[in-house]
Amino acid sequence: MDLSRIAALRATPVPPALHLIDGASCPASDGGTMTARSPIDGSALTTLARGTVADADAAVAAARRAFDDGRWSGLAPAERKRILLRWADLIEARALDLAVLGVRENGTEIAMALKAEPLSAAATIRYYAEALDKITGEIAATPPGTLGLVHREPAGVVAAIVPWNFPLMIGAWKLGPALAAGCSVVLKPAETAALTLLRIAELALEAGLPPGVLNVVTGEGPVVGAALAASMDVDVLVFTGSGATGRKLLEAAARSNLKRVYLELGGKSPNIVFADAPDLDEAAQVSAAGIFRNAGQVCIAGSRLLVERSVHDAFVEKLAAHAAALRVGDPLDPATGAGALNSEAQLARSLGFVDEARAQGRRIVTGGDRILAETGGYYMAPTVVADVRPDDRLAREEVFGPVLAVTPFDTEDEAIALANGTDYGLAAAVWTGNLGRAHRMVRRLRAGLVHVNTYGGSDLTVPLGGVKQSGNGHDKSLHAFDKYLDLKTAWIKL
Ligand code: NAD
């Protein structure tokens, strides 16, 4: 890939972005727009259509028509596969352009954005495209004279509401299986990360996806997202974002048509280091990456470090050294290790957690402050806070920024009690050379994803989903199809 193109791409003006409804670009019904700001320097990047309830309803109506007339749901599976594979190729061919556009809008470091965004989205779409004609029904073990058939049918109109972090990756985790299953989709990107999703939706049309099958409506969550959640014509609502919004979506579903709601929510994931870890140096380096990449705006970020007391001080020192050495700054520089926070509000929120910890007398081992303010961008030094107590807000609430809370422990039981002692249950990690302990911990940790002697990096073949207040349902793997396919029984007297 020719990275020398980054300089030209970053200087390219971004035209005002419109919705994509029924295969056509269109402004908001009332002509409203909102400014997309670049977290790199705080400058205005372009405008987005500020969607209205009427826009959301129009998109749902287009998706409903497209589903009901079978232009996609009724296509031969091999044909759907061909179109989706072509779409993945188009995304991959434009990977650098998409990655740079995304970084300009959301601040992720380009080295990570390239892998985690367009290339990951293309791989996800390919994975589900390749799987879609391997989905089969069942013949039940019925008595003689009867036949029980179990069909798996596309669930209908899907509304997908996604957050600002990794919009293409998370967007593709929804779009890939939903479209492969034959559903039609209305996608609502985050206010601060919409441009690349709009671009790939245009590429889907170019690949041959019929108009109306994938619609994108931009705008504010409480308007556009809320209208999708309240719609009587959306069959399935899939969401990645905060628990606070998740609650509202469940409520809206209950008040409207009881649509199925799948929530991928936040985490406060414990990263547990035992003194018998095979390589404490590697553990420190990987743990630092596990919290500080994408400036900590990662749902599975290992944001609570629990360290066995006998190695606590030495380990924290090692990890703090990695944090301090991380190059934070211009996310379009390929050498940057961590880019900008997504918005000024997210920067203020992250700093607020540190200020509170400082006021409580917790130890700021490294970082703790805004940096590079002269650029106008939203940068924060990777921050390690030690002596954090289990009841501290920093130990219980998700920061979604580059702030690591460290707490020592003495026994396996204490580690489990600390680890499971929050409302969340998304991810966890255990570092140990003791095989029995590793398996014991995996069983006892209440989390949807448990890493052993690593952090992050799990691929598409395994599911991602939370327990407790981290959500329900799963993205990734073949299990993701369950959200987008309904079971239908045919009971036949022979
Ligand atoms: P958010 O809940 O504020 O916003 C997410 C999406 O919901 C956005 O598109 C937003 O516009 C929309 N929204 C906001 N209010 C709404 C409303 N009232 N009705 C309908 N839609 C509404 O979350 P965020 O701050 O953008 O994202 C960060 C959160 O996402 C963190 O908690 C993070 O952990 C979580 N996340 C989870 C995963 C996962 O896989 N579990 C992955 C990434 C991020």
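Predicted model, so just to flag it, every value in this text is computed and none were measured. Positions within a chain are numbered from 1, following the residues in the order the chain's sequence is written. With the structure being a predicted model, the display of local features is reserved for residues of pLDDT at least 70 and the display and counting of side-chain atom pairs for 80 or more, all residues being used for whole-chain, interface and lining totals. The basis for every side-chain value is the complete set of heavy atoms in the structure, and neither hydrogens nor water enter the calculation.

1. Focus: the site of the ligand
Any residue with a heavy atom lying within 4 Å of a molecule or strand is counted as near it. Near the ligand lie 29 residues; those nearest to it are Glu 191, Ser 242, Thr 245, Leu 265 and Glu 398. By the criterion applied in these results, polar contacts are pairs of N or O atoms within 3.5 Å in which, for protein atoms, one can donate a hydrogen and the other can accept it, and in which residues neighboring in sequence qualify only through two side-chain atoms. Here a nitrogen atom of the ligand and a backbone polar atom of Gly 221 are 3.4 Å apart. When the ligand sits alone it has 850 Å² of accessible area, and the protein chains cover 90% of it. By definition, any uninterrupted DSSP run of H or I lasting at least four residues is a helix, any uninterrupted run of E lasting at least two residues is a strand, and each is numbered from the N terminus. Secondary structure elements with two or more residues in the shell around the ligand: α8 (221-230), β10 (236-240) and α9 (243-255). A per-element tally of the shell around the ligand places α8 first, with four residues. Residue classes follow a fixed rule: Ala, Val, Leu, Ile, Met, Phe, Trp, Tyr, Cys and Pro count as nonpolar, while Asp, Glu, Lys and Arg count as charged, and any other residue, Gly among them, counts as polar. Per-class residue counts for the shell around the ligand are 16 nonpolar, eight polar and five charged. Only the protein chains shown count as cover for residues, and the accessible areas themselves come from Shrake-Rupley with a 1.4 Å probe.

2. Some details on the nonpolar core
Core analysis: the largest hydrophobic core is formed by 95 residues, its most contacted members being Leu 84, Trp 87, Leu 179, Leu 214 and Leu 319. Here this core takes 10 residues from helix α6 (residues 167-181), the largest share from any one element. Each domain's limits were defined by an automated method or a database of domain assignments. When we break this core down by domain, the ones giving at least three residues each are domain 1 (3-265 + 471-493) and domain 2 (270-459). When near neighbours in sequence (up to four residues on either side) are disregarded, Leu 319 contacts Ala 284, Ser 287, Ala 288, Phe 292, Leu 305, Val 384 and Leu 404. In terms of nonpolar packing, the next biggest core, distinct from the first, is built from 25 residues, Ile 21, Val 157, Ala 227 and Ala 253 among them. Working definition of a nonpolar core: buried Ala, Val, Leu, Ile, Met, Phe, Trp, Tyr and Cys residues. They are joined through side-chain atoms within 4.5 Å. Think of it in three bands: with a 1.4 Å probe and only protein chains considered, a residue is buried below 20% of the maximum accessible area for its type, exposed above 50%, and partly exposed in between. In what follows, a contact means two residues having at least one pair of non-hydrogen atoms within 4.5 Å.

3. Some points on the domain arrangement of the protein chain
Domain annotation for the protein chain reports domain 1 (3-265 + 471-493) and domain 2 (270-459). Relative to domain 2, the C-alpha centre of domain 1 lies at a distance of 30 Å. Contacts between the two partners involve 26 residues from domain 1, matched on the other side by 28 residues from domain 2. Of the roughly 2100 Å² buried where domain 1 meets domain 2, counting both sides, 56% is carbon and sulfur surface. Salt bridges are defined by distance alone: a side-chain nitrogen of Lys or Arg within 4 Å of a carboxyl oxygen of Asp or Glu. Note that Arg 10 and Asp 330 form a salt bridge whose closest N and O atoms lie 2.8 Å from each other. At the junction of domain 1 and domain 2, the tally comes to 14 residue pairs in polar contact (both at pLDDT 80 or more). Elements with a minimum of two residues in the side of domain 1 that touches domain 2: α1 (6-11), α4 (95-106) and α5 (110-131). In terms of residue count, the dominant contributor to the side of domain 1 that touches domain 2 is α4 (five residues). By residue class, the composition of the side of domain 1 that touches domain 2 is 12 nonpolar, seven polar and seven charged. Summed over both partners, the accessible area (1.4 Å probe) lost when two parts come together is defined as the buried area.

4. Looking at the pattern of salt bridges
This structure, assessed with the given rule, holds 36 salt bridges. Close ionic contact of Asp 281 with Lys 318 constitutes a salt bridge, the shortest N to O distance being 3.0 Å. In this pair, Asp 281 sits in helix α10 (residues 280-292) while Lys 318 sits in helix α11 (residues 309-325), placing the two residues 37 residues apart along the sequence. On the basis of relative accessibility, which here comes to 46%, the residue Asp 281 falls in the partly exposed class. Its relative accessible area of 31% is what places Lys 318 among the partly exposed residues. As a salt-bridge pair, Arg 358 and Asp 355 come within 3.2 Å of each other at their nearest N and O atoms. Note that Arg 358 and Asp 355 are positioned in helix α12 (residues 344-359) at a spacing of three residues, about one turn of the helix.

5. Details of the pairing of strand β12 (residues 270-273)
Residues Pro 270 and Ile 272 line one face of β12 and the alternating positions Asn 271 and Val 273 line the opposite face, and both faces are buried. Pairing between two strands requires that DSSP report at least two bridges joining them. Relative to strand β13 (residues 304-308), β12 runs parallel, the two being bridged by four bridges. Counterpart to Val 273 in the pairing with β13 is Val 307. Of the crossover connections in this fold, the one passing from β12 over α10 to the parallel β13 is right-handed. In this structure, β12 lies alongside strand β19 (residues 427-431), joined through three bridges in parallel fashion. A crossover gets the label right-handed when its path from the first strand over the helix to the second runs clockwise, viewed with the strands pointing away from the viewer.

6. Focus: the sheet that holds strand β5 (residues 138-139)
With respect to topology, three strands assemble into an open sheet ordered β5-β6-β21, the strand pairing being antiparallel. Here the strands that pair on one side only, and so sit at the sheet edges, are β5 and β21 (485-493). Summarising the sheet, strand β6 (residues 146-154) and β21 pair through nine bridges and their orientation is antiparallel. Of the residues in β21, the one forming a bridge with Arg 152 is Leu 487.

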